[in-house]
Amino acid sequence: MRYMLERSGVGVGEARRVSLLVRVQMFDFITHDLGFVAQLDDAERTLIQLCMRRLAYKASKLGGAGLLTTQQMQWVLAKISGLAHLLSSRHARPASRLLPPPLVLSPADAHLLRPPLAHLLGEVLHPPSGIPGTPAQILEGAEVIGLFFSAGWCPACAAVGPALAGAYRSLRSSGRRLEVVLVPQDRTEAEHNSYRLTLPWPAMGWEAQPVAALLASLFGVEALPALVLLDPAGALISSDGIRLLRRHPHAFPWGAVAPAQTPHLLPLCDRLLRIAPVDSGPAYDLPTYKALDFLSQPQCAITLPACVSALRECDLLCTTIAVQGHCVLNTDFLKVSLLQHTFTSLLPMPKPDGPSCPKLLTANDCPWRTPMLYDQQLGILLLLQRLAEHFAASVFSLDATRSLDAVRIAVIACLSAIADAVMRQLATDKPSRACLHLRGTGGAGSLLGQHGFTLGGGRLAAQAAAVPCHTPELNTARAGALDYFAAQDSLPKIYQWDASSQLESPTVQWIRRIAADLSFPADTTNVAMYVADPQHLISKNFPEFRCYRDIAFYLKLFLNPQRSASPSKAAYTQRQAELRFLYHDGSFFVCGFDTGGGPQLLMAKPHVKLGEPMPTHRFPSLAAPSAYTAPTEIHGEDDVLHMWELPDFGELDVSSAKALGQHDSELLLSFLTVPYLRVPLVLAFFASDDRIHSLQVPKLQALLDAVLFEPGAHLPLASEGLEPSDVPSSAPELLGSPHHLLLNELTRSPATVVESVLKLAHQAVDLDTGTLKASTTTVILYAIRLCARMDNYLTFLLQYESGTHDSIRGQPFRGLHLPPQAREVLAGARGELRNVMWTGLRPVLLGWYHRLSREIEGDPDEDILDENVRYMCNIHAHLVLMLRNLSSAELCPASATTLLAGMAFLATRHQFNKGLLDVWDDGPSFDAWRVPETELYETLHVLRRKLVLWLRTTANQSQLDSVLNTVVRVSEGSGALRTPAGEAAQRWAHLEGEVNRGRFVAHSMRARAAKEGDAEEQIPVLAQEPEAAMLVDAQVVQLTLMASHPQALKHSVASMDDVISRFGDVALQACLTESSAHRDVYQLVGRAHSIAHWTVDKDMAPLEFWRAYYPQELFPSEKAWLPSVLEPVRRTYMMFPQPLQLFLPEEPLPEDAQVAYLVGKQPRQNGAWLEIFAYRARRLVHVYRLESHGRRHYRSLCYTSDARFSLRGMQPSIEPRVRPWPTWARHEAGHPYACPKPTPSAVITREASVAANLSFGVETYLPPRLLHGIIPQALLDKFDFWQSEDDHLRGYPDSPTGTDLILVSLGRGGHVALQGAAAGSAAAARRTDSSTPPARALVLRLKIARLLRQRRAVEQVLALLDEFMKSRRLLCQPFTPSASLCASAAALLRTLGGHHFGPDSEESIARDVRALEQALARVDLAPFERRRRRHRTAAVVAPALLDALAIAALDETAVAETNPDSAAATDAAAPAAVPAAPAAVPAAPAAVP
């Protein structure tokens, strides 16, 4: 205000006086209001006194500054004095009025709502003899107070009275402090006075008769006589006191049946008790492991039988891989690499054959045109259909990347071309009508001179031109498919799913010709159903028709340029990839890839909104200049010259300098405008010393990659041999290449290209600074990838020309020929390139790797471990890429170790299929994953046969041991490649049988490492795999220990919130140990944790009450208060979209009930959905949702009408409101319908061997959401709660410095609905002594240090038992202690030592352990030795032995107490050391409250 006054021109002094006047005005308001107030509480009085002091201080300051006169000062003083006098005349408000009514949750607290007992009994009590006194005087010191409702006119009272009087006198004479008060029920005062003199206890006066009626109502007395027993606080013990006093006087004071309620007892915990087991559904047999033998596929195929064999083996391998996802890692990558090799390298492409293509080859030249029988033809098409489904399922399960897009386009194009060629064959026995009319040689087709129909290549040329092909086989296969479809380009095109969802005219013509030839119906509806219905005439009689249809649709689907049209990423199977065609309203709808929510709609035609441009590429070309100048389009060099500002392509890691200046940017963009010249120009541009550093920027790496490896425009088959005649060319298709721009450069003018690549490689070696964490690292890594991929092309061309390619025979590709001069250049360049990679770049990578592995030896920090492992995965990936083109003769122990160890490390540490490729965060550029994961597995597939044969036939015993021991070390340890000193070396053997060609087993240990000069050992061959053996499968690069096949935990499980909260977002290795209809159990490798993945629970919790809640139909005791508390909440939240059905317990609420329990029924199915608790005194409503977790239903607070009285920390809404808060909702929080959609759940358990487990048994993790409103929020925020085998909860501190553990001991009892809803009722009071107390939880705080001492002591006892049972051979199985056994051992130690494992108990524990060791020698072993073999298990023998040991030890203790000298001598003779605990002993004791 002072600021506003000064801004308005008021002076400083005047502004201060105005401020004082405002305070005086507020003072007048207070004085005025006090005239209407009789009482003040302490807070109000303190606030007024503060205002008085502040006014006096302000006035004195102004007076001292000369801004107030003496008269004005006296005026202010009078104001203050008058208010002080008025304040002193106001009385203090009683504090009791400020307290809210107590919260009553159970019958034991009902007395808190009643007046004190001394007030209820009137002013005076009359003893049978003596002076009357007050109730407080007469009842002082009483343990139990009885209210005896009786009358002299009542015959039953006359019969019961003497017996009660006798019991009363007996208890009083024995010193028991029982007092009974007669509550008058007589008709007249004279009758009452006469009757009370016959009884030995005091009586209320006749004047207190109204109070007597109130007491009868409070305690539900409906008949005479009645004796109500109370404790001194007025809490009800029993309303059936007559029976207790007559029959059970020895049980005085009868209070044990109703335990006292204390503040640390929590209600509403009954649902945490696991009373009954959970049904996981029918158990499934886990698939047994069948070894994968990729070598069963032929190495090359040039004849039809060899091609069919390759297809059959490929189909069998894909199926075998798919069904063994429980034990084989990265199955989708294995399948994609297998299918890529099969269709792009192994199988020859069909030769072009069509109206526009002359007959270049005879049938002998193309295996797919070899005469075949109809069964062979159908078998091939069925194989191709299944392989298309396998490929689609795997591709759509992986991350969509540019590298994978090149594979999916090439593979489906080759598969479709082969299917079309086979479909066009005429069977030599009985040709198919569908094939006849497709080819155009049957029926009316030949008479009309028609040549049949074709699928057409569609968008194949455009899509394939813009994706990077890092292996040359993809280019040659793509070119073969383009040539094949181009030869049929003049034929009518069928199945044009990429153009329309309706049947186009050529497809209708083809189907009608088939139908007419067979007299099938050929109307429009039937023609459509021939396509959609697999049971219709054509599909039923000609299965090849359906195969051809599905392959055609997959071809068009994979060529759809709209990325969103692909199915969402999920773990698909071949079965889910099966297509379903539906026909409706003239259009076809194709569905598939069901993920649980129904099949997805698949569209081969791009679907865009009105006005949006039609997409042209799934991944636009990065070699086009327009990709970097958006929104400006660049079509030629002139467009570059006319741009005002050119892109700088980003910043470097150091000094934030721009990657390229304007001059260099203009030069680079100009090179991109001439695609047919871009390869040498751009390579030479970056190979200069001043520009190589710009390759730190990911955008420029992607640009150079696209320039080199994007195929570019395809030279059509019809344009072969033609040359451009003008510049710019009027026929731009002539500027394309038959296969790939890079292949074209390397065969025509390779010098510039190879010189630039070699220069880049040498510069990369010089950039090494000795550490991975440098700005030049990303340039070195990119140079390695570039050199490895260039090596792919150089090696391919040299092998193709010399005929030494592993799978391709001859020179079948159009226009691909290597002149002698170019061959010499390429051979020399490949030798120099490999020399740089192996002697220059590889040592750089290994130096980085060894430094990183040393940093994580021992016990490193978790952050450093995760970071270094990520870097090591990147290094391994680059090392593997460099090996792809090794020949069998070039394989050696070093290269075999690099490949096997690298893939093994990646398989267990790298997070495959997590979308890591091309993700650049804000961190340094070297901290990124740059290698396509499909490229790694393609490299493994190319080298698999050579590697296995080298290990089986070339490697000697020492080499085999060295390679495989490194694989084991890398997989299980810190990843070190170097052999540490003193490592126990294992000896490895071959497994017999062709299917085991790639499997090697460890069968013994070496006494020392092999040395040079030792005699060569013979590698043993084992007939079968030992049960407890370690095995390495080189074909899939996987380590198996004791028949356990670890794999990366399924993404659907690893990405669940509960899993991430416990383990973080890291790659987890797991073994599937159990599978059933509703649950899969995974054992995490190396963590002693299990995850039970439960399917969605569609069943609700059972509905136990069926009395519907209608406010107008409630019982009178319920109408009194329940609607006024519940209805505001129900009408606000539970009426839309339809009223929620609520149900109450069958019994009516009593008159004095304080809690009501209701259940809300799920609107769409039977079962309890919500639980509602209404509290009478606080006018409060809590709503709990019932959430299924592991098929158990937990309650979780989702709404409260007053967050101040909620155990969950809930924040009332702070959103703007249209109208003021209702009174009842001022502090509400949450929403009753805030129930998430049911999802699968992950139940995490940890074994007793986990160091943090202090329960001796298996613990189950309880996420905080399942404890909301049950456990106080303050505990949930600082402790992680686990449930032990005995159902108790243990809260472990989430901070490593925590010293306390929270123990929540759950007590079994009655359902909270029956206990909490009938608080204080007469019926409940009569049941108190016989009914079960309510289920509740006792919360304790325990010291972790004490529990750790207890654990160590128990470990020593278990070590004694283990050693003793082994030496006496009492067990036929390994000793595995149970939680109950550990708890018994802890109890025995407490009994012996008389302590609770406190800080000073170490000596006592050691003495007790020595005593137990000595007592073991006196245990009678005869009963144990007589046991049958099947009973000699730890579960039977160990508890019995511990009981016998306890008896012997306690007997010895008793003897020691009677003869101390003997005990001292025994202690002196005891051994000094206690055996250490075995490794298998659990690391955690049970905490006993």
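One can find the structure itself at the top, above this paragraph.
Let me sum up the structure you'll find in this document. (Residues numbered from 1 in each chain as written. Predicted model: local features only at pLDDT ≥ 70, side-chain atom pairs only at ≥ 80, totals over all residues. Heavy atoms only, no water.)

The next thing to look at is the sheet that holds strand β26 (residues 1168–1175). Within the open sheet, the 7 strands sit side by side as β23-β24-β25-β26-β27-β28-β29. Their pairing is antiparallel. Bordering the open sheet on either side are β23 (1107–1108) and β29 (1229–1230), each of which pairs with just one other strand. Here strand β28 (residues 1192–1200) runs beside β29; their pairing, made up of 2 bridges, is antiparallel. Across the sheet, the residue bridging to Tyr1199 is Gly1230, located in β29. (Pairing = 2+ DSSP bridges. Helix = DSSP H or I, 4+ residues; strand = E, 2+ residues; numbered from the N terminus.)

Another point: the pairing of strand β11 (residues 580–584). With 5 bridges connecting them, β11 and strand β12 (residues 587–592) associate as antiparallel partners. Considered in β12, the bridge of Leu582 is made with Phe589. In this structure, the hairpin formed by β11 and β12 is closed by a connection of 2 residues, where Asp585 is found at a positive phi of approximately 55°.

As a further point, take the packing of aromatic side chains. Across all of its chains, the model carries 36 aromatic pairs by this definition. A ring pair is formed by Phe396 and Phe593, whose centres lie 5.2 Å apart and whose planes are at 90°; its orientation type is edge-to-face. Pair noted here: Phe396 is in the loop between α13 (374–395) and α14 (402–423) and Phe593 is in the loop between β12 and β13 (600–602), with a separation of 197 residues, a long-range link. Pair check on accessibility: Phe396 and Phe593 agree, each one buried. Both rings, one in Phe1105 and one in Tyr1157, keep their centres 5.7 Å apart while their planes meet at 85°; by these two values the pair is edge-to-face. On the criterion of sequence distance, the pair formed by Phe1105 in the loop between β22 (1089–1094) and β23 and Tyr1157 in strand β25 (residues 1155–1161) is long-range, its members being 52 residues apart. Each member of the pair, Phe1105 as well as Tyr1157, carries the same accessibility label: buried. Chaining the aromatic ring pairs together yields one cluster made of Tyr495, Trp497, Trp510, Phe545, Tyr548, Phe553, Phe581, Tyr583 and Phe588. The ring of Trp1221 has Arg1217 sitting right over it, with the charged end atom 4.1 Å from the ring centre. A cation over an aromatic ring shows up here: Arg1246 above the ring of Tyr1292, its NZ or CZ 4.7 Å from the ring centre. (Phe/Tyr/Trp six-rings, centres within 6.5 Å; stacked < 30°, edge-to-face > 60°. Buried < 20%, exposed > 50% of the residue type's maximum accessible area, 1.4 Å probe, protein only. Lys NZ or Arg CZ within 6 Å of the ring centre and 35° of its normal.)

By secondary structure assignment, the location of Val1081 is in strand β21 (residues 1079–1084). Taking C-alpha positions, Val1081 is 4.3 Å from Ala1092, a pair spaced 11 residues apart along the chain. Ignoring anything within four residues of it in the chain, the contact list for Val1081 reads Cys1071, Leu1072, Thr1073, Glu1074, Ile1091 and Ala1092. (Contact = heavy atoms within 4.5 Å.)

Another aspect to go through is unusual backbone geometry. Following Ala630, the chain continues to Pro631 via a peptide bond in cis, the omega torsion being 5°. Counting through the fold element by element, Pro631 comes out in the loop between β13 and α23 (637–641). Put simply, Phe1136 and Pro1137 share a cis peptide bond, and its omega is 0°. In this fold, Pro1137 is placed in the loop between α38 (1122–1133) and β24 (1142–1144). Despite not being glycine, Tyr495 shows a phi value in the positive range, around 50°. Its place among the elements puts Tyr495 in the loop between α18 (472–486) and α19 (505–518). Residue classification places Tyr495 among the buried positions, given a relative accessible area of 1%. For Phe593, which is not glycine, the phi torsion reads 60° and is therefore positive.

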